[in-house]
Amino acid sequence: MRREPGDTVDLDMPAPRRSVGAQDTIGTIAAVQAVSARYMPVAGKVVAVNPRLDAAPALVTRDAYADRSALMNAGASGPRVG
């Protein structure tokens, strides 16, 4: 299978129940030509990560606005930053 530059090939996601601060790095998204860090916009706790993305990380870019491609669920414990 030929990969295009924007194809997502790997995700590094936080562990469930992990507490994170606002602007903390919560993982990375690796595409064919780049790796991007993901940041938490608020302080809170990771409730769950999307298990579908383990088998199909390309859902993040292929169907970015569908519920099935959400990276994770998190609960906020502070004000939003930025």
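Before reading on, note that the structure itself is shown above.
Note that the coordinates shown come from a computational prediction; the quantities given were computed from them, not determined experimentally.

A. Region of interest: the overall build of the chain. When you go through the chain residue by residue, the secondary structure sums to 2 helices and 6 strands. From first element to last, N terminus to C terminus, the chain shows the α and β order β-β-β-β-β-α-α-β. Of all 82 residues assigned to the chain, the portion counted as buried reaches 24%. Considering only contacts within the chain whose residues lie at least 6 apart along the sequence, 49% involve residues at least 24 apart.

B. Focus on the nonpolar core. The biggest cluster of nonpolar side chains holds 6 residues, and these are Val20, Ile26, Met40, Val42, Val46 and Met72. Not counting residues within four places of it along the chain, the set of residues in contact with Val46 comprises Pro14, Ala15, Pro16, Arg17, Arg18, Met72, Asn73 and Ala74. Within the second largest apolar cluster, 5 residues are counted, among which are Ile29, Leu53, Leu59 and Val60.

C. Just the pairing of strand S4 (residues 35-39), in detail. Here strand S3 (residues 25-31) pairs with S4 via 5 bridges, running antiparallel. Following the sheet pairing, Gly27 is matched in S4 by Arg38.

D. Spotlight on the environment of Arg18. On the secondary structure map, Arg18 appears in the loop between strand S1 (8-12) and strand S2 (19-20). Put simply, Arg18 and Lys45 are 27 residues apart on the chain and 5.6 Å apart in space, counted from C-alpha to C-alpha. Every residue in contact with Arg18, bar those within four places of it in the chain, is listed here: Thr25, Ile26, Gly44, Lys45 and Val46.

E. Looking closely at the environment of Gly44. With respect to the helices and strands, the residue Gly44 is situated in strand S5 (residues 44-49). Considering only alpha carbons, one finds Gly44 and Ala74, 30 residues apart in sequence, at a separation of 6.8 Å. Dropping the residues within four chain positions of it, Gly44 is found in contact with Arg18, Ser19, Val20, Gly75, Ala76 and Ser77.

The rules behind these values
Residues numbered from 1 in each chain as written. Predicted model: local features only at pLDDT ≥ 70, side-chain atom pairs only at ≥ 80, totals over all residues. Heavy atoms only, no water. Helix = DSSP H or I, 4+ residues; strand = E, 2+ residues; numbered from the N terminus. Buried < 20%, exposed > 50% of the residue type's maximum accessible area, 1.4 Å probe, protein only. Contact = heavy atoms within 4.5 Å. Core = buried A, V, L, I, M, F, W, Y, C linked by side-chain atoms within 4.5 Å. Pairing = 2+ DSSP bridges.

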